[in-house]
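So the chains spell out like this:
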Amino acid sequence: MRAFDIPAAATCPVKFVKDTVIVVFGASGDLAKKKTFPALFGLFREGYLDPSTKIIGYARSQLTHSELRAHIEPHLGKPNGKEVDDPKAEQFFQMVSYISGAYDKDEGYVTLRDHIEQFEHERDVETPHRLFYFALPPNVFLSVAKQIKKLVYAENGLTRVIVEKPFGRDLESARKLQNELGPLFSEEEIYRIDHYLGKELVKNLTMLRFGNQFLNASWNKENLQSVQISFKEPFGTEGRGGYFDNIGIIRDVMQNHLLQILTLVTMERPQSFDAEAIRDEKVKVLKAVQPIDVNNILVGQYGKSEDGTKPSYLDDETVDPNSKCITFAALNFNIDNERWRGVPIMMRAGKALNEGKVEIRLQFKKSYGVFADIPNNELVIRVQPNAAVYMKFNAKTPGLSNESQVTDLDLTYSSRYKNFWIPEAYEVLIRDALLGDHSNFVRDDELDVSWRLFTPLLNYLEGPDAPTPEIYPYGTRSPAGLREYMKKHNYVLHSKNNSYSWPVTTPTTSPK
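Okay, so let's go over this structure. Note that the structure is predicted; figures quoted are calculated from it, not measured.

## Section: the overall build of the protein chain
Next, step 1: Of the regular secondary structure elements, the protein chain holds 16 helices and 15 strands.
Next, step 2: The C-alpha atoms of the protein chain give a radius of gyration of 25 Å, which matches the 24 Å a tight globule of 512 residues would have.
Next, step 3: Taken over 512 residues, the protein chain has a buried fraction of 52%.
Next, step 4: Each charge class in the protein chain can be summarised by its mean position, and for the 63 positive and 68 negative side chains these summaries are 6 Å apart.

And the structure:
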């Protein structure tokens with residue numbers, strides 16, 4: 001095989017953790033049904049979860065094993081949207097059991113403890129390994145954590161706890177949660193999951209930057225004009241406005257998902273692949289981010305679609321009719337260090353826009369002299385949908401013309417890696433937790449720094465002097481003010497929609 005040939009399948013060595021007990025709290029809820037159990041099944045189907053694993057669902061709902069299976073099975077599937085693999089599914093559900101119990105009373109946990117100990121006794125387990133997944137609302141985190149510590153903690157083995165976001169709603173509540181969990185579990189035992197850290201293109205950022213010298217050498221203020229991290233959803237709150245009204249787009253995706261991307265885009269090279277080396281660099285760059293200027297933001301809220309078929313945010317009956325809740329925000333970040341000083345880093349996110357997309361866009365500075373008028377180069381990393389990395393660059397139009405055209409160097413995963421199993425984010429992160437790898441989880445000091453950065457902004461946006469958000473039509477590309485905001489922060493738009501198409505050329509004969 002030549003060095004540049006693509007192998008038929010991934011070569012990641014399979015590591016098994018045998019006789020592990022995985023308890024999914026909130027097993028009857030949407031998160032467990034749509035994400036946690038499908039991720040566990042995906043790992044099992046692909047050979048990354050040992051058949052000796054015991055999976056126990058725990059929730060308040062009274063469910064039989066058959067009812068739990070019926071609840072979960074429609075969400076299990078093979079890669080590329082194929083039907084469920086029945087033999088594998090049958091084997092998987094033989095590994096699963098269910099216990100009904102309250103989250104704040106001993107009885108259910110005593111039953112759970114007996115169930116776990118019976119399994120470990122039958123398997124002759126000397127060093128128990130127990131993983132507890134909190135697919136739960138934050139208001140019951142502490143109750144469940146206390147009961148785990150009291151009744152089902154692996155005293156002579158390994159206990160690991162996966163906690164879902166939100167990790168608080170501001171600095172004070174995040175610290176309170178940490179102070180409550182801290183006495184119960186060590187930092188090594190806690191895995192704060194942000195599923196964006198498990199996405200393939202996000203995981204590839206470190207390799208892309210530091211494994212390619214031609215990119216790493218230009219990844220700095222000398223060469224980059226601006227950086228954008230954008231998140232777009234094509235739908236609104238769809239009847240969940242009452243919930244979203246207390247969250248807003250900044251808490252929903254910016255303080256967590258997009259900030260994680262920002263740290264990986266801007267951190268310095270880690271000394272090793274050790275989890276703490278990576279997380280040290282993320283914290284270091286976060287500490288260099290300057291306070292967010294509340295006078296340098298763009299906020300919006302979606303209104304009715306231009307054709308009147310889609311409702312405005314305020315049309316949702318669960319929303320306060322006077323709500324100033326932010327459904328779109330654009331923020332600028334300034335990092336005061338040698339690599340990034342003076343480079344505007346813009347983060348933007350919005351609901352009810354024209355498409356669903358998450359991407360990172362690095363725009364390089366302009367060329368000079370005879371090429372001063374050609375478009376800026378751009379490196380684009382599309383996280384979703386249809387994961388891809390491509391470089392927009394300039395080339396001469398073929399033939400006798402001296403005109404330039406924009407073309408690309410393109411790595412689209414769906415065409416380049418057709419025979420690879422690319423795991424879903426939750427599959428990646430659950431496997432990491434099983435193996436004790438913290439690299440792609442949020443550390444306590446990182447969480448603290450991130451909330452320190454965002455809390456003053458949130459206090460302003462939710463305070464008495466909160467600005468009135470710009471109304472933008474449901475289904476539009478963005479609020480009207482975004483174009484000017486992007487221009488203000490050094491992003492150059494070269495066409496109306498900043499896109500290009502492959503040129504169509506007609507062959508001609510040479511003149512005689």
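## Digging into the sheet that holds strand 7 (residues 224-232)
Next, step 1: Strand order in the open sheet formed by nine strands is 14-13-12-11-7-10-9-8-15, with mixed pairing between adjacent strands. With partners counted over all chains shown, the strands left at the sheet margins are strand 14 (404-412) and strand 15 (470-473), one partner each. Adjacent strand axes in the sheet meet at a mean angle of 20° when their direction is disregarded.
Next, step 2: Pairing between strand 8 (residues 297-303) and strand 15: four bridges, direction parallel. When the bridges of strand 15 are listed, Gly 300 appears paired with Glu 470.

## Overview of the side chain of Thr 397
Next, step 1: Here Thr 397 lies in the loop between strand 13 (388-396) and strand 14.
Next, step 2: Owing to a relative accessible area of 17%, Thr 397 belongs among the buried residues under this scheme.
Next, step 3: A polar contact is formed between the side chain of Thr 397 and the side chain of Gln 405, at a distance of 3.4 Å.
Next, step 4: Sequence-distant contacts of Thr 397, defined by excluding residues within four places in its chain, comprise Glu 403, Ser 404 and Gln 405.

## Here we look at helix 4 (residues 106-122)
Next, step 1: Given a rise of 1.5 Å per residue, 17 residues ought to cover 24 Å, and the 24 Å separating the end C-alpha atoms of helix 4 matches this to within 8%.
Next, step 2: Of the residues making up helix 4, those classed as buried are Gly 108, Tyr 109, Leu 112, Ile 116, Phe 119 and Glu 120. In a view along the axis of helix 4, the buried residues occupy a sector of 100°, so they form one face of it. Exposed positions of helix 4 whose direction lies more than 90 degrees from the buried face are Glu 107, His 121 and Glu 122.
Next, step 3: Packed against the buried residues of helix 4 are strand 1 (21-25), strand 2 (54-59), strand 3 (96-100), strand 4 (129-134) and helix 5 (141-152).
Next, step 4: Taken from the residues just after helix 4, Asp 124 is the one with a positive phi, measuring 55°.

## Focus on the nonpolar core
Next, step 1: With 148 residues, the main nonpolar core has Phe 25, Leu 112, Phe 134, Met 254, Ile 261, Phe 333 and Phe 454 as its most contacted residues.
Next, step 2: Counting residues per element, this core draws most heavily on helix 11 (residues 248-266), at 10 residues.
Next, step 3: Both domain 1 (21-164) and domain 2 (201-424 + 466-489) contribute no fewer than three residues apiece to this core.
Next, step 4: Leaving out residues up to four positions away in the same chain, Phe 134 has contacts with Phe 25, Phe 141, Val 144, Ala 145, Ile 148, Val 161, Ile 162, Val 163 and Glu 164.

## Quick word on the packing of helix 1 (residues 30-45) against helix 3 (residues 86-94)
Next, step 1: Contact pair helix 1 / helix 3: the axes reach a minimum separation of 10 Å and the direction vectors enclose 115°. In the crossing of helix 1 with helix 3, the sense of the turn from one axis to the other is right-handed. Along its contact with helix 1, which presents Phe 37, Leu 40, Phe 41, Phe 44 and Arg 45, the element helix 3 presents Lys 88, Ala 89, Gln 91 and Phe 92.
Next, step 2: In terms of residue class, the contact of helix 1 with helix 3 is built from six nonpolar, one polar and two charged.

## A look at unusual backbone geometry
Next, step 1: With omega at 10°, the peptide bond leading from Lys 165 into Pro 166 counts as cis.
Next, step 2: Secondary-structure assignment places Pro 166 in the loop between strand 5 (158-164) and helix 6 (171-181).
Next, step 3: Backbone torsion omega between Gln 384 and Pro 385 reads -10°, so that peptide bond is classified as cis.
Next, step 4: Note on placement: Pro 385 falls in the loop between strand 12 (378-384) and strand 13.
Next, step 5: Within the chain, Asp 19 stands out as a residue other than glycine whose phi angle is a positive 55°.
Next, step 6: Counting through the fold element by element, Asp 19 comes out in the segment before strand 1.
Next, step 7: Residue class for Asp 19 comes out buried when judged on its relative accessible area of 18%.

What counts as what
Counting starts from 1 at the beginning of each chain's written sequence and moves along it residue by residue. Whole-chain, interface and lining totals are the exception, using all residues; otherwise, since this is a predicted model, local features are given only for residues with pLDDT of at least 70 and side-chain atom pairs are given and counted only at 80 or more. Only hydrogens and water are set aside when side-chain values are computed; all heavy atoms of the structure are taken into account. Strands are runs of DSSP state E lasting at least 2 residues, helices are runs of H or I lasting at least 4, and numbering of each runs from the N terminus. Just to be clear, the radius of gyration here is over C-alpha atoms, and the globule rule we use is 2.2 Å times residues to the power 0.38. Accessibility here uses a 1.4 Å probe with only protein chains present; expressed as a share of the type maximum, an area under 20% marks a residue as buried, one over 50% as exposed, and anything in between as partly exposed. For the charge count, each Lys or Arg is scored as positive and each Asp or Glu as negative, with His and the chain ends excluded. Where a charge lies is defined by one atom per residue type: Lys uses NZ, Arg uses CZ, Asp uses CG and Glu uses CD. For two strands to count as paired, DSSP must find a minimum of two bridges between them. To define axes, lines are fitted to C-alpha atoms, for helices over the stretch in contact only, and angles between the resulting N-to-C directions are given on a 0 to 180 degree scale. Polar contact criterion, stated in full: a pair of N or O atoms within 3.5 Å, where within protein one must be able to donate a hydrogen and the other to accept it, and residues adjacent in sequence count only if both atoms are side-chain atoms. Contacts between residues were defined by any pair of non-hydrogen atoms, one from each residue, lying within 4.5 Å. Here, expected helix span is obtained from the residue count minus one, scaled by 1.5 Å. The arc in question is the one spanned by the directions pointing from the helix axis to the C-beta atoms. Here, nonpolar core refers to any group of buried Ala, Val, Leu, Ile, Met, Phe, Trp, Tyr and Cys residues whose side-chain atoms link them within 4.5 Å. Each domain's extent was defined by an automatic or database domain assignment. Put simply, a crossing is left-handed when the front helix is turned counterclockwise from the back one by less than a right angle, and right-handed when it is turned clockwise. Amino acids are sorted into nonpolar (Ala, Val, Leu, Ile, Met, Phe, Trp, Tyr, Cys and Pro), charged (Asp, Glu, Lys and Arg) and polar (every other residue, Gly among them).

As far as function goes, none of this settles anything; it's purely spatial.
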